[in-house]
Amino acid sequence: MNLLKLIPFLFFAATVVITVLSHLLPAFKKKPLHSKMLCSSLFLLTGIFAAAHSNFSQYACLMLAALFFGLLGDFWLDYKNSKFFLLGVFFFSIGHTIYLYTFIFNCKPSLAPYTKQIALGFLALCVAAVIEVLADKIRFPKGRRIMIAYSFLLMFSFIFSVSRGIVSIIEGNKDFGICLVAAGGLFLLSDTFLAVSLYGKPKLKCNDILVAYTYFPAQALFALSILFS
């Protein structure tokens, strides 16, 4: 493995390590937004160095754009005690839209032959979402109903990330496929934990920590997928 290819793995590892430390060390815990933006910068750097190795292919550029909007979303979600929370959601929505476009139209082979399986998967996800909403009593208050639309966007992003990953594994590109399946799954878990924390009745005391422990590795895995695209 040459040095340029090794660097994204180092930044991926740094993303995971700093994410863990940010919830353990007092120096990080005193400045949560600073710690969060450090982790966001690390997953973006993972993508940048992975893109450099791939000569900034179209897939790489699209993924970098999505990662950058994720970084913006991270900032605005927490800035000024979440005063601009919906602006953060807006940036995340752009990022997920880019992910969707990329997985559907910018990767080969076409997902068209798997339309039935994708539709069934989405239906199963909808059922799981309803069960989760009822189980954790998630309710979006007035002014936050837009989160319902965002939730559907996230679910579409998850389904097509996992579908693209599974098809890639079937086609023989296992590393790329595993990155997408794991990233999509972790991202969905992260936003589920976040929704329960903000709008539901969480059963786990460590729910907030789980948001970070699933979200930052998810973005870093999306970034790392650029290496194998």
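Scroll up for the structure.
The following refers to the structure shown. (Residues numbered from 1 in each chain as written. Predicted model: local features only at pLDDT ≥ 70, side-chain atom pairs only at ≥ 80, totals over all residues. Heavy atoms only, no water.)

**Some details on the nonpolar core**
Among the nonpolar cores identified, the biggest contains 63 residues, and Tyr59, Leu67, Tyr99, Phe103, Phe187 and Phe222 are the most heavily contacted of them. Looking at this core, the elements with two or more residues in it are helix H3 (32-53), helix H4 (58-82), helix H5 (85-105), helix H6 (115-135), helix H7 (146-170), helix H8 (174-199) and helix H9 (207-224). For this core, the leading source of residues is H7, giving 10 residues. Discounting residues that sit within four places of it in the chain, Tyr59 has contacts with Thr102, Phe103, Asn106, Cys107, Phe176, Leu180, Ser225, Ile226 and Ser229. (Core = buried A, V, L, I, M, F, W, Y, C linked by side-chain atoms within 4.5 Å. Buried < 20%, exposed > 50% of the residue type's maximum accessible area, 1.4 Å probe, protein only. Helix = DSSP H or I, 4+ residues; strand = E, 2+ residues; numbered from the N terminus. Contact = heavy atoms within 4.5 Å.)

**Thoughts on the packing of H4 against H9**
With their axes 10 Å apart at the nearest point, H4 and H9 run at an angle of 160 degrees to one another. Put simply, H4 runs roughly antiparallel to H9. H4 and H9 meet at a crossing whose hand is left-handed. Listed contacts from H9 to Met63, Leu67, Gly70 and Asp74 of H4 are Tyr215, Phe216, Gln219, Phe222 and Ala223. Of the residues contributing to the contact of H4 with H9, the split by class is six nonpolar, two polar and one charged. (Axes fitted to C-alpha atoms, helices over the stretch in contact; angles between N-to-C directions. Parallel < 35°, antiparallel > 145°, perpendicular 65-115°, else oblique. Left-handed = near helix turned anticlockwise from the far one by under 90°. Nonpolar A, V, L, I, M, F, W, Y, C, P; charged D, E, K, R; others polar.)

**Points about the packing of H3 against H9**
Two elements in contact, H3 and H9, have axes separated by 8 Å at closest approach and are oriented at 15 degrees. The angle between the axes of H3 and H9 places the two elements in the roughly parallel class. Handedness of the crossing formed by H3 with H9: right-handed. For the pair H3 and H9, the contacting residues are Lys36, Cys39, Ser40, Phe43, Thr46, Gly47 and Ala50 in the first and Tyr215, Phe216, Gln219, Ala220, Ala223 and Leu224 in the second.

**Examining the packing of aromatic side chains**
For the coordinates displayed, the defined rule picks out 23 aromatic pairs. A ring pair is formed by Phe75 and Tyr79, whose centres lie 4.8 Å apart and whose planes are at 25 degrees; its orientation type is stacked. Separated by four residues within a single helix, Phe75 and Tyr79 lie in helix H4, roughly one turn from each other. Using a relative accessible area of 25% as the deciding quantity, one classes Phe75 as partly exposed. Since its relative accessible area comes to 26%, Tyr79 is described here as partly exposed. Chaining the aromatic ring pairs together yields one cluster made of Phe43, Phe92, Tyr99, Phe103, Phe187, Tyr215, Phe216 and Phe222. (Phe/Tyr/Trp six-rings, centres within 6.5 Å; stacked < 30°, edge-to-face > 60°.)

**Notes on the environment of Tyr114**
Counting through the fold element by element, Tyr114 comes out in the loop between H5 and H6. The exposure class assigned to Tyr114 is partly exposed, which follows from its relative accessible area of 25%. The spatial distance from the C-alpha of Tyr114 to the C-alpha of Ala149 is 25 Å, given a sequence separation of 35 residues.

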